[in-house]
Amino acid sequence: MPRQLNIDAALLQYLHEHGVREHPAQRGLREATASHPHAGMQIGPDQGALMALLVRLIGATQAIEIGVFTGYSALSVALALPAEGRLLACDVSADYTAIGRPFWQQAGVAHKIDLRLAPALQTLDAELAVGAAGSYDFAFIDADKAGYDAYYERCLQLLRPGGLVALDNMLWGGSVARESDDADTRALQALNRKLHQDPRVDMVLLPLGDGLSLARRR
């Protein structure tokens with residue numbers, strides 16, 4: 001018998017009202033993004049709250065984000081980092097990230113977010129080249145699906161043992177459970193198989209949002 005709740009609009013609203021503590025800047029950014037043509041790319045407040053809690057639980061001070069969009073997830077992580085914490089935020093769109101910058105300032109965390117507008121692999125490889133392997137605590141991947149595997153591999157190198165990588169959209173609207181010729185779907189299916197068998201990590205795939213995988217580096 002399925003144990004997954006059917007979350008309708010009323011229950012989702014209840015979850016947001018009783019299960020999430022949003023900073024006013026988070027709420028403002030979420031509302032500012034709601035009318036964006038690609039608003040569906042933004043994570044939900046429940047996922048942001050879970051990520052923030054995980055960042056605090058592992059005592060993270062150094063984090064990575066690959067795929068910033070308008071900056072809600074970056075804001076969620078930055079708020080959870082300590083005063084000396086740093087989030088290396090990788091994106092290629094100045095327009096999308098500009099939407100979030102005022103809210104980062106409003107929340108008082110803009111100084112923690114090191115936004116790099118360049119291809120993520122270029123940024124990650126530069127970090128590895130200067131000896132940053134094993135120096136990060138947390139990573140969040142939410143970018144082009146074809147690039148996920150390469151991002152995952154770089155993040156595993158950059159994370160310390162016990163560090164955590166979170167990967168968004170791993171259920172891809174349910175399409176990963178069916179045969180598909182879509183390149184993004186096939187890339188995610190392959191990565192799901194890889195994560196499930198990867199001896200370097202402890203992992204779980206959660207039906208949160210569009211599917212959230214968590215992998216802890218052993």
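So, a few notes on the structure that sits alongside this text. (Residues numbered from 1 in each chain as written. Predicted model: local features only at pLDDT ≥ 70, side-chain atom pairs only at ≥ 80, totals over all residues. Heavy atoms only, no water.)

## A few points about the overall build of the chain
So, step 1. Within the chain, the secondary structure is distributed over eight helices and seven strands.
So, step 2. Taken against the 2.2 N^0.38 rule, which gives 17 Å for 218 residues, the C-alpha radius of gyration of the chain at 17 Å falls within 12% of a compact globule.
So, step 3. Per-residue burial over the chain gives 47% buried out of 218 residues.
So, step 4. Once local pairs closer than 6 in sequence are excluded, the contacts in the chain between residues at least 24 apart make up 70%.
So, step 5. Total accessible area on the chain is roughly 10700 Å²; 54% of this is exposed by carbon and sulfur atoms.
So, step 6. Within the chain, one finds 20 positive and 25 negative side-chain charges whose respective centroids are separated by 6 Å. (Helix = DSSP H or I, 4+ residues; strand = E, 2+ residues; numbered from the N terminus. Rg over C-alpha atoms; globule rule 2.2 N^0.38 Å. Buried < 20%, exposed > 50% of the residue type's maximum accessible area, 1.4 Å probe, protein only. Contact = heavy atoms within 4.5 Å. Areas by Shrake-Rupley, 256 points an atom, 1.4 Å probe, with all protein chains shown as cover. Lys, Arg positive; Asp, Glu negative; His and termini not counted. Charge placed at Lys NZ, Arg CZ, Asp CG, Glu CD.)

## Points about unusual backbone geometry
So, step 1. Of note, the phi angle at Asn-169 is positive, near 65 degrees, even though the residue is not glycine.
So, step 2. Positive phi is not limited to glycine here, since Trp-172 has a value of about 50 degrees.

## Remarks on the environment of Leu-29
So, step 1. In this structure, Leu-29 sits in helix α2 (residues 24-33).
So, step 2. With relative accessibility at 0%, the residue Leu-29 sits in the buried group.
So, step 3. Remark: the alpha-carbon pair of Leu-29 and Asp-144, spanning 115 residues in sequence, is separated by 22 Å.
So, step 4. Setting aside chain neighbours within four positions, we find Leu-29 in contact with Gln-42, Thr-70, Gly-71, Tyr-72, Leu-75, Ile-99, Gly-100 and Phe-103.

## Notes on the sheet that holds strand β3 (residues 113-117)
So, step 1. As summarised here, the arrangement of the seven strands in space is β3-β2-β1-β4-β5-β7-β6, forming an open sheet in which the pairing is mixed. Because the sheet does not close on itself, it has two edges, and the strands there are β3 and β6 (201-206). For this sheet the average axis-to-axis angle between neighbouring strands, irrespective of direction, equals 15 degrees.
So, step 2. Here strand β1 (residues 62-66) runs beside strand β4 (residues 136-141); their pairing, made up of four bridges, is parallel. The partner of Ile-66 across the bridge, within β4, is Ile-141.
So, step 3. Those strands touched by helix α3 (residues 45-57) are β4, β5 (159-167), β6 and β7 (212-217), and its axis lies near 165 degrees from that of β4. (Pairing = 2+ DSSP bridges. Axes fitted to C-alpha atoms, helices over the stretch in contact; angles between N-to-C directions.)

## Here we look at the pairing of β6
So, step 1. Bridge count between β6 and β7: six bridges; the pairing is antiparallel. Bridging across to β7, Val-201 finds its partner in Arg-217.
So, step 2. Between β6 and β7, which pair antiparallel and follow one another directly, the connecting turn spans five residues, one of which, Gly-209, has a positive phi of 60 degrees.

## Some thoughts on the nonpolar core
So, step 1. Val-77, Trp-104, Ile-113 and Phe-138 are the most contacted members of the largest nonpolar core, which has 32 residues in total.
So, step 2. Looking at this core, the element that brings in the most residues is helix α4 (residues 72-80), giving six residues.
So, step 3. Ignoring any residue separated from it by four or fewer positions in sequence, one finds Ile-113 in contact with Ala-74, Ala-78, Leu-87, Ala-89 and Trp-104.
So, step 4. Counting residues in hydrophobic clusters, the runner-up holds 27 residues, among them Ile-66, Tyr-152, Val-176 and Leu-195. (Core = buried A, V, L, I, M, F, W, Y, C linked by side-chain atoms within 4.5 Å.)

## Considering the pattern of salt bridges
So, step 1. For the coordinates displayed, the defined rule picks out 14 salt bridges.
So, step 2. Close ionic contact of Arg-200 with Glu-153 constitutes a salt bridge, the shortest N to O distance being 2.8 Å. Of this pair, Arg-200 sits in the loop between α8 (183-197) and β6 while Glu-153 sits in helix α7 (residues 148-158); the two residues are 47 residues apart in sequence, bridging distant segments of the chain.
So, step 3. Accessibility expressed as a relative area gives 19% for Glu-153, which makes it buried.
So, step 4. Salt-bridge contacts for Asp-202 lead to Arg-216; the nearest nitrogen and oxygen are separated by 3.1 Å. With Asp-202 in strand β6 and Arg-216 in strand β7, this pair connects stretches of sequence that are 14 residues apart.
So, step 5. Residue classification places Asp-202 among the partly exposed residues on the basis of a relative accessible area of 31%.
So, step 6. A residue is classified by how much of its surface remains accessible, and Arg-216, at 39% relative accessible area, is partly exposed. (Salt bridge = Lys/Arg side-chain N within 4 Å of Asp/Glu carboxyl O.)

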